[in-house]
Amino acid sequence: CWSPAPDAAAITFVVFPGLFRDDFAAFNAWIEHLEDDVFAAAEVRPSCDEAGARGGRRHPQQHLAGDADEGATTVLADAVQLAGFHPAWQYGGLDPEDGVHFEKRAPHPTVSLVRTAAIRDAQHITARIAVDNERTLRDLDPDDLRCRFAALASMSSEGRDGDGRR
């Protein structure tokens with residue numbers, strides 16, 4: 001079941017080595033679709049099956065809005081925040097050479113799912129982290145950032161075929 005418990009994982013990363021690898025625009029459109037259409041419509045019900053109630057492994061029970069199931073539900077978008085990371089991430093409106101783009105770059109297309117409760121609980125430090133990250137990335141040489149990112153991407157791809165599989 002969906003667990004609002006504080007000891008539940010706060011962040012989950014899902015890596016898609018072969019999905020939209022060379023097409024940032026398509027990846028970005030897919031992320032927007034997930035946020036606007038899927039997460040906004042999906043509901044989670046914080047009720048567990050027997051194994052979950054006994055403390056065993058819990059499974060999400062997602063229901064589309066309008067299902068006949070009764071009981072308290074939460075819109076998934078209110079429970080989980082989604083963020084995309086991509087090898088060619090570009091913030092709109094920034095100079096293409098701005099180091100801040102690297103804040104959202106990853107060797108492979110990646111989606112992070114963050115419990116909104118964890119974000120609320122950490123608000124006092126998240127704003128400072130964002131400011132520090134921006135300052136640090138802008139202080140670094142863009143060519144050095146590109147070189148380091150290329151090395152990281154190369155290491156993450158070693159031993160993989162074209163689809164990212166070993």
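About the thresholds
Residues numbered from 1 in each chain as written. Predicted model: local features only at pLDDT ≥ 70, side-chain atom pairs only at ≥ 80, totals over all residues. Heavy atoms only, no water. Helix = DSSP H or I, 4+ residues; strand = E, 2+ residues; numbered from the N terminus. Buried < 20%, exposed > 50% of the residue type's maximum accessible area, 1.4 Å probe, protein only. Contact = heavy atoms within 4.5 Å. Areas by Shrake-Rupley, 256 points an atom, 1.4 Å probe, with all protein chains shown as cover. Phe/Tyr/Trp six-rings, centres within 6.5 Å; stacked < 30°, edge-to-face > 60°. Lys NZ or Arg CZ within 6 Å of the ring centre and 35° of its normal. pLDDT = per-residue confidence, 0-100. 1 Å grid on protein atoms, 1.4 Å probe; cavity = no way out; pocket = protein on both sides within 12 Å on 5 of 7 lines; lining within 4 Å. Points joined across faces, edges and corners; volume = space filled by probe spheres on them. Salt bridge = Lys/Arg side-chain N within 4 Å of Asp/Glu carboxyl O. Patch = residues over 30% accessible without salt bridge, like charges linked within 9 Å, V, L, I, M, F, W, Y side chains within 5 Å. Lys, Arg positive; Asp, Glu negative; His and termini not counted. Charge placed at Lys NZ, Arg CZ, Asp CG, Glu CD. Expected span 1.5 Å × (residues − 1). Arc of directions from axis to C-beta.

A. Looking closely at the overall build of the protein chain. Across its full length, the protein chain holds six helices and six strands. Here the protein chain holds 166 residues, and the buried ones make up 28% of them. Sequence-distant contacts in the protein chain: of pairs separated by 6 or more residues, those separated by 24 or more amount to 71%. Of the roughly 10400 Å² of accessible surface on the protein chain, 54% is carried by carbon and sulfur atoms.

B. Looking closely at the packing of aromatic side chains. Scanning the model with the defined rule gives seven aromatic pairs in all. On the numbers, 5.9 Å between centres and 45° between planes, the contact of phenylalanine 20 with tryptophan 30 is tilted. Separated by ten residues along the polypeptide, phenylalanine 20 in the loop between strand 1 (11-15) and helix 1 (24-39) and tryptophan 30 in helix 1 bring together distant segments of the chain. Counting every residue linked through ring pairs, the aromatic cluster contains Phe16, Phe20, Phe27 and Trp30. The aromatic ring of tryptophan 89 is capped on one face by lysine 104, whose charged end is 4.5 Å from the ring centroid. Sitting over the ring of phenylalanine 102, arginine 105 keeps its end group 4.4 Å from the ring centre.

C. Up close: the confidence of the model for the protein chain. Within the protein chain, residue pLDDT values average 77, and 70% of them lie at 70 or more. Scored below 50 in pLDDT, residues 47-70 shows 34 contacts in the model against residues more than four places distant or in partner chains.

D. Examining the layout of surface pockets more closely. Of the pockets and cavities examined, the largest pocket occupies roughly 630 Å³. Along the walls of the largest pocket sit 17 residues, with Ile11, Val114, Ile119, Thr126 and Ile129 positioned nearest its centre. For the lining of the largest pocket, the secondary-structure elements that each account for two or more residues are strand 1, strand 5 (80-85), strand 6 (110-115), helix 4 (116-121) and helix 5 (123-139). For the lining of the largest pocket, the element with the highest residue contribution is helix 5, accounting for four residues.

E. Representation of the pattern of salt bridges within the structure. Applying the stated rule across the entire model yields seven salt bridges. Among the ionic pairs, arginine 146 bridges to glutamate 97, the shortest N-O distance being 3.0 Å. A residue pair is termed long-range when its members are at least 10 positions apart, and arginine 146 in helix 6 (residues 142-157) and glutamate 97 in the loop between strand 5 and strand 6 qualify at 49 residues. The exposure class of glutamate 97 is partly exposed, given its relative accessible area of 43%. Across the pair arginine 138 and aspartate 98 runs a salt bridge, and its minimum N-O distance is 2.8 Å. Of the two residues, arginine 138 is situated in helix 5 and aspartate 98 in the loop between strand 5 and strand 6; the sequence distance between them amounts to 40 residues. Looking at arginine 138, the relative accessible area reads 40%, which means it is partly exposed.

F. Seen up close, a negative patch on the surface. A contiguous patch of negative charge, built from Glu32, Glu35, Asp36 and Asp37, is present on the exposed surface. Along the chain, the position of aspartate 36 falls in helix 1. What makes aspartate 36 exposed here is its relative accessible area of 53%.

G. Structural view of helix 6. Helix length check: helix 6 (16 residues) gives 22 Å between terminal C-alpha atoms against 22 Å at 1.5 Å per residue, within 8%. Among all positions of helix 6, only Leu145, Phe149 and Ala153 are buried. Burial along helix 6 is one-sided: seen end-on, the buried residues are contained in an arc of 65°. Turned more than 90 degrees off the buried face of helix 6, the exposed positions are Cys147, Arg148 and Met155.

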